[in-house]
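Descriptive structure summary
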Amino acid sequence: MSDGSRPMIALEAISKTYPGQSAPAVRELDLHVPAGAIVMMVGPSGCGKTTTLKMMNRLIEPTSGRILLDGEDVTAVGGDELRRRIGYVIQQVGLFPHFTVADNVAVVPRVLGWDRKRITARVDELLHLVGLEPGQFRDRYPRQLSGGQQQRVGVARGLAADPAVMLMDEPFGAIDPITRDRLQDEFLEIQRQVAKTICFVTHDLTEAVKLGDRIAVFGPGGVVEQYDTPEQVLTHPANDFVAEFVGSGAAVRRLSLLQLNRLELDEVTVDGVGATNGHPTYRADADGRAVAWAHLPGTGAGDLPPLVTVPLTGTVYDAVDVMLEARAPLVAVVDDEDRPKGALRWEALVRELPTKGRP
Amino acid sequence: MGFTEYVSSNFSSLVFYGQQHFLLVLYSVAAATAIALAAGVLLHTSSVSPPSWSRPVRAGSRETLLLVSSAALTIPSLALFGLLQPALGIGIAPSLVALTIYGVYPVLRNTVAGLSSVDPAVLEAARGMGLGPAWRMVRVQLPLAWPVIVSGIRVATLILIGIAVVAASVSGPGLGQPLFTGLARLGAVNSFNQVLSGTLGCLVVAAIYEIAFFAIQRLTTPRGIRV
Ligand SMILES: Nc1ncnc2c1ncn2[C@@H]1O[C@H](COP(=O)(O)OP(=O)(O)OP(=O)(O)O)[C@@H](O)[C@H]1O
Ligand SMILES: [Mg+2]
């Protein structure tokens, strides 16, 4: 590992050939998942992502190779006991339809013999975490939940016994784009709080870029073509396969990787404090919040565009979105208190975006 | 003698035959259910032998058992009672055994159907959480298959109520007694009343079972899957 720390999950030369098949579904795969990282597994259909994931908790027994969990060789330990230590979430969710939400979440803690009080507290804590009000949802049955709510219960169930490792196979695959986007945001928020090591299979490169600390791009025949940070995969594809998989949208996707606080923004000044020095100038209200543009270099007073803002924590993608929406040639980048910290101009996008180091 | 008059003067013996009939069916259905459930469950999942070779063996035995038990249903009931007579004599024993044989198929078929209709995603999730085969069977598969199994038991019960009449041919208990006596002396005094009371008695027994099954189905179906 580049950071020198011990990987939480290590696959060493792992292979799987399904019975009755000549070619392996996964071939001599090495994959190290650092502790606390989210590793996204992407790639075309049938290239062995699910097989690899299921070998990590030995739902599928590898034909050869070794699996290390936190340094311990788990290739031969009892499968059920291993799986109780690893959270598992699948696309079809698979909640027990005859159990209430609370009972679904409590399954593994019960099997592990936790006492009643601890289980109840844990269930409520987890339902809170995934954004389901316990009082309202605890006693419902799965069929009384929407797809997105079921998916959250699935995540809570996976987290129940506080496993260090979570395996997720397209957990947001069957959910509409808007809900998925929200679930992804919540997922990142949850991960900030629980800091698990997560392996996450997805078909959606945008999702991989958004959620992943690292991306493993799988190619046909169950090999990893590239295993690197989202930035590297998008900007420096390891080979033609990855380049093609990342596709023509790479330049646009990169925009969503670049946070505004890493850009050298255009200076802006507030109206009425002396010379403009050729900077964009805005009128502010009593709290220092930008209200409208007062002066833009090269623009007549009658042609001033509306003042639109985007938070400093957003990405270039968000800024472009706001500009397109408002048909404005520039956007004010604001801090938490809505005070402008700079501006991003449309023309700057098509030139090399000047960046600075991580804040 | 009119029918009502006949019933009121023979009421206690009719109730007695009815009770016998009810219990005969109850015991046979219970035995058939025990056999079919055990076979269905064991042949559905087993962790005793390696899955690779046990799966075809299990599927094979399951199909064979289904085939045999369905073939048994086609044996004319009179013949089966007769065939068992040399081995088991007459009376309760051959009656119970014959009825149990007839009862296995509906329960087994529904057990197999119910167990295999459980959503594979639910089972994969259970397996992925490290829940063993016994836990999955007892806590997930059986409860989810239960409504289907109960309807199989109910069908078996209805079939057996009719067939149990034939038990009288080997001097077995139940409503077959008045019915067969009446049939044997058709035309004689009260013979028609005997046949009619036996037949209506079966309907009453069936009605009682139907009510019982309605209650059982409501009470034992897990709340989350009640429609
Ligand atoms: N149980 C199985 N028996 C035989 N072959 C299998 C089995 N499961 C998967 N395969 C094969 O192994 C290969 C890899 O399958 P896998 O499910 O890992 O792909 P995947 O990358 O998850 O695909 P997808 O993106 O469609 O989910 C495929 O060619 C598939 O046909
Ligand atoms: Mg898959």
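For clarity, every value in this text was computed on a predicted model and none was experimentally measured.

1. Quick look at the interface of chain A and chain B
Taken residue by residue, the interface counts 23 residues in chain A and 22 residues in chain B. Overall, the association of chain A and chain B removes approximately 2000 Å² of surface from exposure, summing both partners, and the carbon and sulfur fraction of that is 63%. Seen at the junction of chain A and chain B, the total is 1 salt bridge. Two residues, Glu-124 of chain B and Lys-54 of chain A, come together in a salt bridge whose shortest N-O distance is 3.5 Å. Counting across the interface, chain A meets chain B through 8 residue pairs in polar contact (both at pLDDT 80 or more). Residue composition of the side of chain A that touches chain B, grouped by class: 13 nonpolar, 4 polar and 6 charged.

2. Digging into helix α1 (residues 49–56) of chain A
Burial of α1 of chain A is extensive: 7 of the 8 residues sit out of reach of the surface. Every buried residue of α1 of chain A is listed here: Lys-49, Thr-51, Thr-52, Leu-53, Lys-54, Met-55 and Met-56 of chain A.

3. What to know about the UniProt feature "transmembrane region" (unreviewed entry) in chain B
All names here are of chain B. According to UniProt, the positions carrying the feature "transmembrane region" (unreviewed entry) are residues 20–43, 90–108, 144–170 and 195–216. Regarding residues 20–43, the helix share stands at 100% and the strand share at 0%, and the terminal C-alpha atoms are separated by 34 Å. Note that residues 195–216 is 100% helix and 0% strand, and that its end C-alpha atoms are spaced 32 Å apart.

4. Structural notes on the packing of helix α3 (residues 101–111) of chain A against helix α4 (residues 116–129) of chain A
Residues and elements named next belong to chain A. In the contact formed by α3 and α4, the axes pass within 9 Å of each other and the chain directions differ by 125°. Here α3 lies oblique to α4, going by the angle between them. Regarding α3 and α4, the two cross each other, and that crossing is right-handed. Where α3 approaches α4, its residues Val-101, Ala-102, Val-105, Ala-106, Pro-109 and Arg-110 are matched on the opposing element by Ile-119, Val-123, Leu-126 and Leu-127. By residue class, the composition of the contact of α3 with α4 is 9 nonpolar, no polar and 1 charged.

5. A short note on the sheet that holds strand β8 (residues 197–201) of chain A
Residue and element names in this part refer to chain A. Strand order in the open sheet formed by 6 strands is β6-β7-β8-β3-β9-β10, with mixed pairing between adjacent strands. Every interior strand has two partners, whereas the edge strands, β6 (86–90) and β10 (223–228), have only one. For this sheet the average axis-to-axis angle between neighbouring strands, irrespective of direction, equals 15°. Here strand β3 (residues 38–42) pairs with β8 via 4 bridges, running parallel. Pairing of Met-40 across the sheet is with Phe-200, part of β8. Together, β6 and β7 (165–169) form the strand contacts of helix α6 (residues 147–159), whose direction differs from that of β6 by roughly 165°.

6. So, unusual backbone geometry
Excluding glycine, residues mostly carry a negative phi; peptide bonds, for their part, are mostly trans. Residues and elements named next belong to chain A. Of note in the backbone geometry, Val-93 takes a positive phi value of approximately 65° without being a glycine. Secondary-structure assignment places Val-93 in the loop between β6 and α3. Despite not being glycine, Asp-338 has its phi angle at roughly 70°, a positive value. Along the chain, Asp-338 turns up in the loop between β15 (330–334) and β16 (340–345). Owing to a relative accessible area of 36%, Asp-338 belongs among the partly exposed residues under this scheme.

7. What about the side chain of Gln-151 of chain A?
Residue and element names in this part refer to chain A. Tracing the backbone through its elements, the reader meets Gln-151 in helix α6. By relative accessible area, Gln-151 is classed as buried at 2%. When near neighbours in sequence (up to four residues on either side) are disregarded, Gln-151 contacts Val-89, Ile-90, Gln-91, Val-93, Pro-171, Phe-172, Ile-175 and Leu-183.

8. Some points on the sheet that holds strand β12 (residues 281–284) of chain A
All names here are of chain A. Taken in spatial order, the 3 strands of this open sheet run β11-β12-β13, and their pairing is mixed. Whereas interior strands pair on both sides, the edge strands pair on one side only; in this sheet they are β11 (269–270) and β13 (290–295). Pairing geometry for β11 and β12, over 2 bridges, is parallel. The residue bridging Val-270 from the neighbouring strand is Tyr-282, located in β12.

Cut-offs and rules
Residues numbered from 1 in each chain as written. Chains lettered and ligands numbered in written order. Predicted model: local features only at pLDDT ≥ 70, side-chain atom pairs only at ≥ 80, totals over all residues. Heavy atoms only, no water. Contact = heavy atoms within 4.5 Å. Buried area = accessible area lost by both parts, 1.4 Å probe. Salt bridge = Lys/Arg side-chain N within 4 Å of Asp/Glu carboxyl O. Polar contact = N/O pair within 3.5 Å; in protein donor to acceptor, adjacent residues only side chain to side chain. Nonpolar A, V, L, I, M, F, W, Y, C, P; charged D, E, K, R; others polar. Buried < 20%, exposed > 50% of the residue type's maximum accessible area, 1.4 Å probe, protein only. Helix = DSSP H or I, 4+ residues; strand = E, 2+ residues; numbered from the N terminus. UniProt positions renumbered as here; feature names shortened; annotations may be inferred. Axes fitted to C-alpha atoms, helices over the stretch in contact; angles between N-to-C directions. Parallel < 35°, antiparallel > 145°, perpendicular 65-115°, else oblique. Left-handed = near helix turned anticlockwise from the far one by under 90°. Pairing = 2+ DSSP bridges.

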